[in-house]
Amino acid sequence: MTITDLRKKFIEGSYTPLDAYTDMRKIIDTDDEDINAFIEVFDDARESAVMATLQYEKEGESTPTLLGMPIAIKNNILIKGKKTTAASKMLANYIAPYDATVITRLKEQGALFTGGTNLDEFAMGSSTENSAFGVTKNPIDRTRVPGGSSGGSGAAVAMGASVAALGTDTGGSVRLPASFCGIVGFKPTYGRISRHGLIAMGSSLDQAGTLTNSVRDSELLFDVLKGKDRFDATTIGEDTYPKVQVKEKYRIGIPRDFLQEGMDADVLEVFNANVSQLVSEGHEVVDVSLPLMKRGLAAYYIVMPAEVSSNLARYDGMRYGLRVEGEDLLQEYMKTRAEGFGAEVKRRILLGTYVLSAGYYDAYYGKAENVRTMMRAELNHVYETVDLIMTPTAPTPAFKIGEKSDPLSMYLADIFTVPVNLTGVPAISVPGGTVDRDGVQLPVGIQYIAPHVGDERLFDFGKKVYDEVKGIV
Ligand code: GLN
């Protein structure tokens, strides 16, 4: 079901928020012990569902747009009074003292929160295997990962335990789980949604995003979440730039030489079938050259750890979460951080501290920032001739749990998604077909990338090529 479906039924009274809550709770109670999409399921959602049901009876259509909608929230987004762990031992007992702006905005529209979903610790990973609360399994094939880092959010929507979910995307963490779980994942233009109340990973890359069953649902949620926030100075006011136009038919660019990198042959086939489909629908598809795209991964794994090392300095045992006693202050810091952080988080703090240290700053961090600026210029140039850029979301379908034990091979899963965060532009992943692995049909996502503040173009195009084609209303 979609938010649009549910809303219609809630207004008619043929299916109530309490029915929806009860059905989803049944799914959670039956399946989530194994799938592990949730770190915590919120029991107070039942009370909200009862209240929402009463309100629909009284007020019908005039109720707020998300009233009673069961939405799952990645557990690195603060909900006042709830445990917000970032899937780390460091914050295992941390209770959020305030609501993130995205939560405030969802609450204003009446949304109901089903629970806090599992993730890679501090959102660092592509598989949700780096969680202090155990692995999340892909509901489509439980021997495989759901993608990451918002794997719990992806699994929650794919298993029918929520109608939509919020995730965060620093290098692909909303789009990759959407691709692996067969749903829609949207990452907005940097600054269009507030980061206030999101546990920071890489501040110049992080954005909240949505995981939904239709493009229309992403748009609906985005309309609620977007806009200037006085708590986040990097947010963009909605009336401060000209809107990107939408069109009847689009001109789409494909960076062909970039696509050959480490891709599974059948994923490329699915991608090419989507290209043919677009052409048959009257869109124009052309090859474009984006030679710097292949530098994205290298630049990302400099910039991101640098920001991680700085953002995670605050977890010192004094101010938040875990504290391990030591003989003196220094020992206390060291013991707390040694025990509180997992291996991947430590790896990135070390890497980040290294690239920022005297003598290396210019060689690594400065260079990576230069590459980033050049990537932006390259993209802007290409957008003079095309409306959107199209790539697969990932080079492979969902991989096996435990398959990528080498961190470098894990990083390669992000090859098509990180350039988007480095340049700050918006992108959406929509299901494009399936490939066979051991007799199971695994979903493959197609990524569409729009120019800066072109989020609305992605929705317009996405509804045409996905919702309408699939008959989703
Ligand atoms: N997989 C990428 C990483 O590990 C992206 C993570 C994210 O977007 N939060 O950095």
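Keep in mind that this is a model prediction, so the values were computed, not measured. Just so you know, the residues in each chain are numbered from 1, in the order the chain's sequence is written. Side-chain atom pairs in this predicted model are given and counted only at pLDDT of 80 or more, local residue features only at pLDDT of at least 70, and totals for whole chains, interfaces and linings cover all residues. Working from all heavy atoms in the structure, the side-chain values ignore hydrogens and water.

## Digging into the site of the ligand
Step number 1: Neighbouring the ligand are 16 residues; Ala123, Thr170, Gly171, Ser173 and Tyr300 lie closest to it.
Step number 2: Between Ser173 and the ligand, the recorded distance is 2.6 Å, taken from a side-chain N or O atom to an oxygen atom.
Step number 3: Each polar contact in these results corresponds to two N or O atoms within 3.5 Å; when the atoms are within protein, one needs to be able to donate a hydrogen and the other to accept it, and residues that are neighboring in sequence are counted only if both atoms are side-chain atoms. A distance of 2.6 Å separates an oxygen atom of the ligand from a polar atom in the side chain of Tyr300.
Step number 4: The accessible surface values rely on the Shrake-Rupley method and a 1.4 Å probe; as for residues, cover is taken only from the protein chains in view. Relative to its unbound accessible area of 290 Å², the ligand is 100% covered by the protein chains.
Step number 5: The cavity that encloses the ligand is the largest cavity. Nearness is defined per residue: one heavy atom within 4 Å of the molecule or strand is enough. Points on a 1 Å grid over protein atoms alone make up a cavity when a 1.4 Å probe fits among them but cannot get out, and a pocket when they form an open set with protein on both sides within 12 Å along at least five of seven lines; lining residues each have an atom within 4 Å of a point. Criterion for pocket placement: a molecule counts as inside a cavity or pocket if more than half of its atoms are within 2 Å of its grid points.

## Concerning the environment of Tyr448
Step number 1: Each helix is a run of H or I in the DSSP string that is no shorter than four residues. Each strand is a run of E no shorter than two, and both are numbered from the N terminus. Residue position: Tyr448 is located in strand S11 (residues 440-449).
Step number 2: With a relative accessible area of 2%, Tyr448 lands in the buried category.
Step number 3: On a C-alpha basis, the gap between Tyr448 and Asp229 in space is 27 Å, while along the polypeptide they are 219 residues apart.
Step number 4: The contact criterion used is simple: two residues touch if any of their non-hydrogen atoms lie within 4.5 Å. Dropping the residues within four chain positions of it, Tyr448 is found in contact with Leu278, Ile389, Met390, Pro426, Ala427, Ile428, Val430, Leu458, Phe461 and Val465. Buried residues are those whose accessible area, probed at 1.4 Å on protein chains only, stays under 20% of the maximum for their type, while exposed residues exceed 50% and partly exposed ones sit between those limits.

## Brief notes about the sheet that holds strand S2 (residues 70-74)
Step number 1: By definition, two strands form a pair when at least two bridges between them are found by DSSP. Read from one edge to the other, the open sheet built from eleven strands follows the order S1-S3-S2-S4-S6-S5-S10-S11-S9-S7-S8, with strand pairing classed as mixed. The open sheet has two free edges, formed respectively by strand S1 (38-41) and strand S8 (284-287), since each of these has just one partner strand. Within the sheet, the average angular offset between the axes of one strand and its neighbour, ignoring direction, is 30°.
Step number 2: Most of the contacts of helix H2 (residues 17-35) go to S1, to which it runs at about 135°, and overall it touches S1 and S2.
Step number 3: In this analysis an axis means a line fitted to C-alpha atoms, helices contributing only their contacting stretch, and an angle means the value between N-to-C directions, from 0 to 180 degrees. Packing of helix H9 (residues 265-280) onto the sheet brings it into contact with strand S7 (251-254), S8, strand S9 (388-392), strand S10 (427-437) and S11, and relative to S10 it is tilted by some 125°.

These values are about where atoms sit, not about what they do.
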